[in-house]
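Chain by chain, the residues:
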Amino acid sequence: MLTAFAVAHLAPTTWLALTRPAITHAITATAGIYLMRAALTLTTPISTNTTAAIAGSIGAALLGTATALTISRSRTIRAITAPGLAIGYALVFTVDTTGALIVGYLAALTWWAIRLTAHTLRPAFPQPATALRRLTDRTGG
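Because the structure is predicted, anything quoted here is derived from the model rather than measured.

J.: How would you explain the overall build of the chain if you had to name every residue and give the values?
T.: Summing up its helical and strand segments, the chain has 6 helices and 0 strands in all. In sequence order, the secondary structure elements of the chain are arranged as α-α-α-α-α-α. Of all 141 residues assigned to the chain, the portion counted as buried reaches 26%. Counted over contacts in the chain with a minimum sequence separation of 6, partners at least 24 positions apart contribute 66%.

Have a look at this one:
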């Protein structure tokens, strides 16, 4: 009984903490993409060309920050890469690079999902070779 209690209360903390969705990162990226698109099309909240460049660069910096936060779980790596990507994204923001910046964030989000899947499946299949052999063995019928 104690073992079942320990498994039920200790096991989720090892992998469940890893499954927290990147909501803050997604909201930051959404705000960045919104500001970049608004700066390029001069729609709300951007009404003049003078504020468009600043808003677009701020949006690109937000997207760069979201990309850095999504890629890694380590606070040290985040602290190093977030300012670098924010500044880099803000410097290269133009009409031509907007799509590439968004694709960069989508690649980071895909990496996050793959890493989450791997961390979730690892406790479920502690011996993947045995599980794969069992799934592919068709000799029984």
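Read on for the rest.
J.: Could you give an account of the environment of H25, with specific residues and numbers?
T.: Tracing the chain through its elements places H25 in helix α2 (residues 23-41). Expressed as a C-alpha distance, the spacing of H25 and L62, which sit 37 residues apart in the sequence, is 9.3 Å. In this structure, H25 is in contact with A66, L69, T70, R78 and Y105, ignoring residues within four places of it in sequence.

J.: Kindly report on helix α3 (residues 49-71), identifying the contributing residues and their values.
T.: Between its first and last C-alpha, α3 extends 33 Å over 23 residues, near the 33 Å set by a 1.5 Å rise per residue. By the burial criterion, the buried members of α3 are A52, A55, G56, G59, A60, L63, G64, A66, T67, A68 and T70. Where the residues of α3 are buried, they touch α2, α4 (75-92) and α5 (98-124).

J.: Give me α4: which residues, what numbers.
T.: Between its first and last C-alpha atoms α4 spans 25 Å; for 18 residues at 1.5 Å apiece the expected length is 26 Å, and the two agree. Roughly 25 degrees is the biggest bend found in α4, and it falls at T81, with proline P83 one to four residues downstream. A82, A86, Y89 and A90 are the residues of α4 that are buried.

J.: Tell me about the nonpolar core, and name the residues and values.
T.: Core analysis: the biggest nonpolar cluster contains 16 residues, and M36, A60, L63 and L101 have the highest contact counts within it. If you list the elements that add at least two residues to this core, you get α2, α3 and α5.

J.: Which residues make up the packing of α3 against α5, and what are the values?
T.: Taken N-terminus to C-terminus, the directions of α3 and α5 make an angle of 20 degrees; their axes are 9 Å apart at the nearest point. In terms of orientation, α3 lies roughly parallel with respect to α5. With respect to the hand of their crossing, α3 and α5 are arranged in left-handed fashion. Contact residues: α3 offers A60, L63, A66, T67, T70 and I71, while α5 offers L101, I102, G104, Y105, A108, L109, W111, W112 and R115.

J.: Summarise the side chain of T28; cite the residues concerned and give the values.
T.: Mapped onto the fold, T28 is located in helix α2. Overall, the relative accessible area of 19% leaves T28 in the buried class. Here T28 is in contact with L62 and A66, once residues within four sequence places are set aside.

Analysis parameters
Residues numbered from 1 in each chain as written. Predicted model: local features only at pLDDT ≥ 70, side-chain atom pairs only at ≥ 80, totals over all residues. Heavy atoms only, no water. Helix = DSSP H or I, 4+ residues; strand = E, 2+ residues; numbered from the N terminus. Buried < 20%, exposed > 50% of the residue type's maximum accessible area, 1.4 Å probe, protein only. Contact = heavy atoms within 4.5 Å. Expected span 1.5 Å × (residues − 1). Bend = angle between axes of the 7 residues up to and from the residue. Core = buried A, V, L, I, M, F, W, Y, C linked by side-chain atoms within 4.5 Å. Axes fitted to C-alpha atoms, helices over the stretch in contact; angles between N-to-C directions. Parallel < 35°, antiparallel > 145°, perpendicular 65-115°, else oblique. Left-handed = near helix turned anticlockwise from the far one by under 90°.

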